[in-house]
Amino acid sequence: MPATVLVGAQWGDEGKGKIVDLLARHSDVVCRYNGGPNAGHTIVADGETYKLRHMPSGILWGRECVIGAGCVVDPAVFVEELDDLEARGISTDRLRVSGNAHVIMPWHIAIDQGGERRLGKLKIGTTRRGIGPTYADKAFRLGIRIQDLLEPKILRQKLEVALAEKNVWLERVYGAPPLELEELAARHEQLAQRLRPYVTDTSLLVDRALRDGQAVLLEGAHGTLLDLDHGTYPFVTSSSTLAGGAAASVGIGPTRIDAVVGVAKAYVTRVGEGPFPTEIEGDDQTRMRKLGGEFGTVTGRDRRCGWLDLVALRYATRLNGFTTLALTKLDVLSNFDELRVCTAYRLRGGEETRELPAHQSDFHHAEPVYEVLPGWLEPLDEAEDLAALPEAAREYVELVGREVGVPVALVGTGRERERVLRA
Ligand code: IMP
């Protein structure tokens, strides 16, 4: 299958890194299509743990890797990641970055942080990496792109225009120190030298790869419910996380995509603020967090934990057109004698719905309707394929496929690279 999109089906942190890693092995080109260093993919390979932020996961397999035009890049973090990978013997020679990707500048980070502080109780709970302000400037047509970094005269001109406005914001609105033109220009000219060899026309690169019959994997960051248009706004990220956004962000036509893999955790987690109907109250939440190691890759924050929400998963299926599902971290549920799965919501008026409510207030007040399933209370290490899972675990997986109407093709049963079962 030449072009496959892989999308998080929940609120991010679905364990996509592991599935991307598996698919990347059989791909020629792996592209990140959205977001920036707010994403964090953890991959455990040969006993080593890699926490990737900008880099497509294919980098660990030596594949051609692309950071698409729809991404935002923090050049300092990017260079740090390059250095780290190279120090660990991972080549970055086949990495390419779109010249159209936007640059996260120091004022974006300061504004993200200042904005969250100012919002107080109303905060979004962002990763504070400058994502929202960078995408906002892109839409405002004030952004600085990777290709601007490569031309000192243009860069200086853009910095002048931006600083004239941003320094007023920083000082007057957020009480933050202003940024200095010469210092910024010098720092970014230096970072540009490190970035230069990686910058190319990535739309053309991917198009050529597809014409040559190569397998291209488009890797989404975050998750469906964090999508700017269709997620739980305003508690979302600022990019298009959906499969439909992948083609536009990378710069190919949507007709080139032939498969969409949705990745969902066997339960649900969310970081930051916002509604979460199946969030678990009390000790079971803490237990699940500990068992699943549910602490943010980027920020280290505790992730909120909840039971699997099939209403939300159905919604994600609708928005992305999943052709298959990957269910991750099923082993974490091995420790619960009873499992809850949300199959419908009860709305304020008492009626039940199987579809995610379109109106925010209905969603905020939705109560989960649970089906209670028996747990399996045994480790899943022995199983070599889905058929070999304990009966209750198999039924759990089958219920998901049936309720959502998409086959579950992969199931994750442990941290290591090889702990993925196939149908
Ligand atoms: P931002 O992307 O930093 O602007 O954060 C906006 C919202 O998206 C916050 O609730 C973040 O916690 C959430 N978010 C952003 N990236 C990720 C991710 O990779 N995993 C989970 N949540 C994320």
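So, here is what we can say about the structure in this document. What you see is a predicted model, and the numbers here were worked out from it, not measured in a lab.

When helices and strands are tallied, the protein chain shows 13 helices and 20 strands. Its C-alpha atoms give the protein chain a radius of gyration of 22 Å, within 12% of the compact-globule value 22 Å for 423 residues. Counting over 423 residues, the protein chain shows a buried share of 57%. Put simply, 75% of the contacts in the protein chain that link residues at least 6 apart link residues at least 24 apart.

What follows concerns the pattern of salt bridges. Under the criterion given, the structure shown has 24 salt bridges. Note that Lys166 is salt-bridged to Asp137, the shortest N-O span being 3.0 Å. Pair noted here: Lys166 is in helix α6 (residues 152-173) and Asp137 is in helix α4 (residues 131-140), with a separation of 29 residues, a long-range link. Relative accessible area serves as the criterion here: at 7%, Asp137 is assigned to the buried category. A salt bridge links Arg211 to Asp207, with the nearest nitrogen and oxygen atoms 2.8 Å apart.

This paragraph deals with the site of the ligand. Of all residues adjacent to the ligand, which total 17 residues, the nearest are Asp13, Asn38, Thr127, His222 and Thr237. With respect to the ligand, the side chain of Asp13 contributes an N or O atom lying 3.1 Å from a nitrogen atom. For the ligand, an oxygen atom lies 2.8 Å from a polar atom in the side chain of Asn38. When the free accessible area of the ligand is taken as 470 Å², the share hidden by the protein chains comes to 97%. A per-class count over the shell around the ligand returns seven nonpolar, eight polar and two charged.

This paragraph deals with the pairing of strand β3 (residues 41-45). The buried fraction of β3 amounts to four of the five residues, a majority that puts the element mostly inside the structure. With five bridges joining them, β3 and strand β4 (residues 48-52) adopt antiparallel strand pairing. Across the sheet, the residue bridging to Val44 is Thr49, located in β4. Hairpin connection between β3 and β4: a loop of two residues separates the two successive antiparallel strands, and Asp46 in this loop has a positive phi of roughly 50°.

Moving on: the environment of Thr278. Position of Thr278 among the secondary structure elements: in the loop between β12 (268-270) and α10 (283-292). For Thr278, a relative accessible area of 0% puts it in the buried group. Sequence spacing of Thr278 and Asp309 is 31 residues, and the spatial spacing of their C-alpha atoms is 6.5 Å. Other than its neighbours up to four places away in sequence, Thr278 contacts Val268, Gly306, Trp307, Leu308, Asp309, Cys342, Pro368 and Tyr370.

Relative to the helices and strands, Glu180 resides in the loop between α6 and α7 (181-195). Measuring from C-alpha to C-alpha, the distance between Glu180 and Asp112 comes to 19 Å, with 68 residues separating the pair along the chain. Looking at Glu180, its side chain comes within polar contact range of the main-chain nitrogen of Glu183, at 3.2 Å.

Our focus in this paragraph is the packing of helix α3 (residues 106-119) against α4. The N-to-C vectors of α3 and α4 enclose an angle of 120°; their axes lie 7 Å apart at closest approach. By the criterion of interaxial angle, the relationship of α3 to α4 is oblique. Crossing hand, α3 versus α4: right-handed. Counted together, Trp107, His108, Ile111 and Asp112 of α3 and Ile131, Pro133, Thr134 and Asp137 of α4 form the full contact between these two elements. Residues of the contact of α3 with α4, tallied by class, amount to four nonpolar, two polar and two charged.

With that settled, consider the pairing of strand β7 (residues 95-98). Here strand β5 (residues 64-67) pairs with β7 via three bridges, running parallel. Each residue of the ladder has a partner; that of Val66, found in β7, is Arg96. Inspection of the sheet shows β7 paired to strand β9 (residues 199-200) by two bridges, in the parallel sense. Each bridged residue has a counterpart across the sheet, and for Ser98 the counterpart in β9 is Thr200.

Between the first and last C-alpha of α7 there are 21 Å, a value that for 15 residues agrees with the 21 Å anticipated at 1.5 Å per step. Here α7 has its buried residues at Leu181, Leu184, Ala185, His188, Leu191, Ala192 and Leu195. Along the long axis of α7, the arc covered by the buried residues comes to 135°, so they all point the same way.

Let's shift gears to the packing of α6 against α7. In the contact formed by α6 and α7, the axes pass within 10 Å of each other and the chain directions differ by 140°. By the angle class used here, α6 and α7 are oblique. Crossing handedness for the pair α6 and α7: right-handed. Residue-level contacts link Pro152, Leu155, Arg156, Leu159, Glu160 and Leu163 of α6 to Leu181, Glu182, Leu184, Ala185, His188 and Glu189 of α7. In terms of residue class, the contact of α6 with α7 is built from seven nonpolar, one polar and four charged.

The next point concerns the side chain of Ser249. Mapped onto the elements, Ser249 comes out in helix α9 (residues 243-250). If near-sequence neighbours (up to four positions away) are discounted, Ser249 is found in contact with Tyr33, Gly68, Ala69 and Gly70.

What follows deals with a negative patch on the surface. Residues Asp46, Asp381, Glu382, Glu384, Asp385, Glu416 and Glu418 make up a contiguous surface patch of negative charge. Looking at the secondary structure, you find Glu418 in the loop between β19 (408-412) and β20 (420-422). Looking at Glu418, the relative accessible area reads 61%, which means it is exposed.

Conventions we followed
- Here the residue numbering is sequential within each chain, running from 1 through the sequence in written order.
- Confidence filtering applies because this is a predicted model: local features only for residues at pLDDT of at least 70, side-chain atom pairs given and counted only at 80 or more, and all residues used for totals across whole chains, interfaces and linings.
- Heavy atoms throughout the structure, all of them, feed into the side-chain values; hydrogens and water do not.
- Starting at the N terminus, helices and strands are each numbered in turn, a helix being any DSSP run of H or I of at least four residues and a strand any DSSP run of E of at least two.
- The atom set for the radius of gyration is the C-alpha atoms, and the globule formula is 2.2 Å times the number of residues raised to the power 0.38.
- A 1.4 Å probe rolled over the protein chains alone gives each residue an accessible area, and that area as a share of the maximum for its type sets the label: buried under 20%, exposed over 50%, partly exposed in between.
- Contacts between residues were defined by any pair of non-hydrogen atoms, one from each residue, lying within 4.5 Å.
- Criterion for a salt bridge: a side-chain nitrogen of Lys or Arg within 4 Å of a carboxyl oxygen of Asp or Glu.
- When at least one non-hydrogen atom of a residue lies within 4 Å of a molecule or strand, that residue is treated as near it.
- Throughout this description, a polar contact denotes any pair of N or O atoms lying within 3.5 Å of each other; where both atoms belong to protein, one of them has to be capable of donating a hydrogen while the other can accept it, and for residues adjacent in sequence the pair is counted only when both atoms sit in side chains.
- Using the Shrake-Rupley algorithm and a 1.4 Å probe, accessible areas are obtained, with residue cover drawn only from the displayed protein chains.
- Residues are grouped as follows: nonpolar covers Ala, Val, Leu, Ile, Met, Phe, Trp, Tyr, Cys and Pro; charged covers Asp, Glu, Lys and Arg; every other residue, Gly included, is treated as polar.
- Between any two strands, at least two bridges found by DSSP are needed for them to pair.
- For helices, the fitted axis covers only the stretch in contact; all axes are lines through C-alpha atoms, and the angles between them, taken along N-to-C directions, range from 0 to 180 degrees.
- An angle below 35 degrees is treated as roughly parallel, one above 145 as roughly antiparallel, one from 65 to 115 as roughly perpendicular, and anything else as oblique.
- In this scheme, a crossing is called left-handed if the near helix is turned counterclockwise away from the far one by less than a right angle; it is called right-handed if the turn is clockwise.
- The length a helix should cover is 1.5 Å for every residue beyond the first.
- In this description, the arc belongs to the directions extending from the helix axis to the C-beta atoms.
- Patch members must show over 30% relative accessible area and no salt bridge, and they are joined within 9 Å when carrying like charges or within 5 Å when they are nonpolar side chains of Val, Leu, Ile, Met, Phe, Trp or Tyr.
- Residues counted as positive are Lys and Arg, residues counted as negative are Asp and Glu, and His and the chain ends are not counted.
- Taken as the charge centre is NZ of Lys, CZ of Arg, CG of Asp or CD of Glu, depending on the residue.

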